[in-house]
Amino acid sequence: MGVAPLDVTPLAPRSPRGVVDALTRGGWERGTAETAAAGIASASFRIEGLDDSSLEALVHFGGQLGLDVITGAGWAVISGARSRLSALARPWSVPEPLRELAYRLGIALPAEPPKAWRTARGSVMLSTPVLMGILNVTPDSFSDGGRHAGVERAVRHAARLIEDGAAIIDIGGESTRPGRTAVVAADEELARVVPVISAVANAFPATFISVDTMKSEVARGALDAGAAIVNDVTGLRADARLGAVVASAGAGLVVMHSRGAPLELASLEHADYGGDVVGGVLGELQAGIDRAAAAGVDTECVAIDPGLGFAKTAEQNLFLTDQLETLLSLGRPVLVGPSRKRFLGAATGRDVAERDAATAAACALAYERGARIFRVHDVAASRDALAVAQALAHSPSAS
Ligand code: PMM
């Protein structure tokens, strides 16, 4: 048998599919190849709070495992194949000074995005990107000027969103727009959203309805009227009773990251993250997940959202979107809401009415980084961008 000439071919670092393809070409069975490719893929971590003995142990033991270990005073950055990092994440087999680190690393290792999100009316399947169409029923919504305030018009708009590909309609009666000076009273908010939720639930029984509210009374009324999900932009910070309402209905819950009181949500007053916006958002989202669990909400019902545009500068929103994969370590489906937001205006120079293409691009890039649910105004534009992102991720081998 002749020997083939030596040939070196690069495999794309961003996606494991080149490795899968190379292994299946070599005769491997696809499932085994996928497992091996996931093990080869690399990950990196920043570690702080290390004492001298654990730093020293990390340099030695990490080196033995074939990891790259960069250290400074009390900190380290480690990087390497997931399979090697997993070996460091076993508390029972690492040197004593690394036990605590091993345990924490095990929790922080990135997970696959969950396959389903449980709600009060069945599970939202996440094997394909899920579009959540925005239906604001406020007189002051910043980007659609409250055009859908009437129930009939709201149902017509919901029909359009569903026709365009929305699986979820997010109905909100209180805008969080920058510069608002008063909160909407619960009875006024109920009067806005409940008739619309009832009408949309009646007209489109196969569509999930979420209610965008931070108030327990509004959530209860909305769930009774047919909503399946509560989307709380305060991540259960504003109303201590909201978690119990969600739990008793078995509803889905979006824990969105934000900071400050309800009137300050869109401001930059609380945008100081000590230089670590990703770490800050991760920690505060985990606190929101813990609040939900303490209120009795089943973890399977929780989705998380980085809260783009909430207490974040344009740079912080972009950085957070780029680093979105880190949120997968929390083990919950990731929802993003970049739609028409100011950071997209900063990147494109476009006014709010002209940001749907930018929104679609942001959704596709967020999908690549693990997001599965996309809250948007223009469903059609983002649906196509996400269809391309999904097709790329699942295209059959070209060989
Ligand atoms: N953004 C807004 C309102 N609600 N909910 C979630 N989960 N995520 C978001 O990013 C989000 C939200 C503000 O935007 P809008 O006024 O255009 O609805």
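Residues numbered from 1 in each chain as written. Predicted model: local features only at pLDDT ≥ 70, side-chain atom pairs only at ≥ 80, totals over all residues. Heavy atoms only, no water.

*Asks:* What's the story with the overall build of the chain in this structure? I'm lost.
*Replies:* Summing up its helical and strand segments, the chain has 14 helices and 13 strands in all. Computed over its C-alpha atoms, the radius of gyration of the chain comes to 23 Å, within 12% of the 21 Å expected for a compact globule of 399 residues. Along the first, second and third principal axes, the C-alpha atoms of the chain reach 75 × 55 × 45 Å. Burial analysis of the chain (399 residues in total) assigns 48% to the buried set. A sequence separation of at least 24 residues applies to 67% of the contacts in the chain between residues at least 6 apart. When the accessible surface of the chain is totalled, it reaches about 18700 Å², and 55% of it is carbon and sulfur. Of the side-chain charges in the chain, 37 are positive and 45 negative, and the distance between the mean point of each set is 3 Å. (Helix = DSSP H or I, 4+ residues; strand = E, 2+ residues; numbered from the N terminus. Rg over C-alpha atoms; globule rule 2.2 N^0.38 Å. Buried < 20%, exposed > 50% of the residue type's maximum accessible area, 1.4 Å probe, protein only. Contact = heavy atoms within 4.5 Å. Areas by Shrake-Rupley, 256 points an atom, 1.4 Å probe, with all protein chains shown as cover. Lys, Arg positive; Asp, Glu negative; His and termini not counted. Charge placed at Lys NZ, Arg CZ, Asp CG, Glu CD.)

*Asks:* How should the nonpolar core be read in this particular structure?
*Replies:* In terms of nonpolar packing, the biggest core is built from 69 residues, with I171, I197 and F374 touching the most fellow members. With near-sequence residues (within four places) excluded, I197 lies in contact with I171, I209, V211, A222, A225, G226 and A227. Counting 22 residues, the second largest nonpolar core, distinct from the first, contains A43, F45, L50 and A87. (Core = buried A, V, L, I, M, F, W, Y, C linked by side-chain atoms within 4.5 Å.)

*Asks:* Would you take a moment to explain unusual backbone geometry for this structure?
*Replies:* The phi torsion of most residues other than glycine is negative, and most of the peptide bonds are trans. Phi at L236 is positive, roughly 65°, even though this residue is not glycine. Following the sequence through the fold, L236 ends up in the loop between β9 (229-232) and α9 (242-249). Since its relative accessible area comes to 7%, L236 is described here as buried. You will see that A311, though not glycine, has its phi angle at about 55°, which is positive. Its place among the elements puts A311 in the loop between β11 (302-305) and α11 (314-322).

*Asks:* What's the story with the site of the ligand in this structure? I'm lost.
*Replies:* Taken together, 15 residues lie around the ligand, and D212, N231, D305, K341 and R375 are the ones closest in. The contact in question runs from an oxygen atom of the ligand to an N or O atom on the side chain of R375, over 2.8 Å. Residues of the shell around the ligand, tallied by class, amount to six nonpolar, five polar and four charged. (Near = heavy atom within 4 Å. Polar contact = N/O pair within 3.5 Å; in protein donor to acceptor, adjacent residues only side chain to side chain. Nonpolar A, V, L, I, M, F, W, Y, C, P; charged D, E, K, R; others polar.)

*Asks:* Hey, could you run me through the domain arrangement of the chain in this one?
*Replies:* By a widespread convention, an interface's size corresponds to the accessible area lost as its parts come together. By domain assignment, the chain separates into domain 1 (42-108) and domain 2 (116-394). Between domain 1 and domain 2, the C-alpha centre-to-centre distance is 36 Å. (Domains from an automatic or database assignment.)

*Asks:* Sorry, what's going on with the pairing of strand β2 (residues 68-72) here?
*Replies:* The two faces of a sheet get side chains in turn, since along a regular strand they alternate between them. With five bridges joining them, β2 and strand β3 (residues 75-81) adopt antiparallel strand pairing. In the sheet register, I70 faces β3, and the bridge partner there is V77. (Pairing = 2+ DSSP bridges.)

*Asks:* Explain the side chain of D239 to me, please; I cannot follow it from the model alone.
*Replies:* Position of D239 relative to the elements: it lies in the loop between β9 and α9. On the basis of relative accessibility, which here comes to 10%, the residue D239 falls in the buried class. From its side chain, D239 meets the backbone nitrogen of S216 in a polar contact 2.7 Å long. Separated by 2.8 Å, the side chain of D239 and the backbone nitrogen of R241 make a polar contact. When neighbours within four sequence positions are excluded, D239 is seen to be in contact with M214, K215, S216 and E217.

*Asks:* Just checking my understanding: could you explain the packing of aromatic side chains for this structure?
*Replies:* To describe a pair of aromatic rings, one takes the distance between the centres and the angle between the planes. Scanning the model with the defined rule gives zero aromatic pairs in all. In this structure, R259 is placed above the aromatic ring of Y273, and the distance from its NZ or CZ to the ring centre is 3.8 Å. (Phe/Tyr/Trp six-rings, centres within 6.5 Å; stacked < 30°, edge-to-face > 60°. Lys NZ or Arg CZ within 6 Å of the ring centre and 35° of its normal.)

*Asks:* Just to check I follow, could you spell out the sheet that holds strand β6 (residues 130-136) for this structure?
*Replies:* By definition, the strands of a sheet pair up through backbone hydrogen bonds, in either a parallel or an antiparallel sense. Pairing is parallel in the open sheet, where eight strands are placed in the order β11-β10-β9-β8-β7-β6-β13-β12. The sheet terminates laterally at β11 and β12 (335-336), the two strands that pair on one side only. In this sheet, β9 lies alongside strand β8 (residues 208-212) in parallel orientation, the contact comprising three bridges. Residue S210 lies in a different strand from β9, and its bridge partner there is I229.

*Asks:* Just to check I follow, could you spell out the sheet that holds β2 for this structure?
*Replies:* Across the sheet, which stays open at both edges, the three strands sit in the order β1-β3-β2 with antiparallel pairing between neighbours. A strand with exactly one partner marks an edge of an open sheet, and here the two such strands are β1 (42-48) and β2. Looking at each pair of strands side by side, their axes are set apart by 10° on average, direction ignored. Two elements, β1 and β3, share seven bridges in a ladder whose sense is antiparallel. Its bridge partner lying in β3, S44 is registered against S79. Where helix α3 (residues 52-64) meets the sheet, it contacts β1, β2 and β3, and its direction lies at approximately 165° from that of β2. (Axes fitted to C-alpha atoms, helices over the stretch in contact; angles between N-to-C directions.)

*Asks:* I would appreciate a short explanation of the environment of V230 in the present structure.
*Replies:* The residue V230 is located in strand β9 in this model. Exposure remark for V230: the relative accessible area of 0% places this residue in the buried category. If we skip the residues at most four places from it in the chain, V230 touches V211, T213, A219, L223, L242, V246, G252, L253 and V254.

*Asks:* When you look at the side chain of S210 in this model, what are you seeing that I'm missing?
*Replies:* With respect to the element layout, S210 can be found in strand β8. Accessibility expressed as a relative area gives 0% for S210, which makes it buried. There is a polar contact of 2.4 Å between the side chain of S210 and the side chain of D170. Ignoring any residue separated from it by four or fewer positions in sequence, one finds S210 in contact with M132, I168, I169, D170, I171, I229 and N231.

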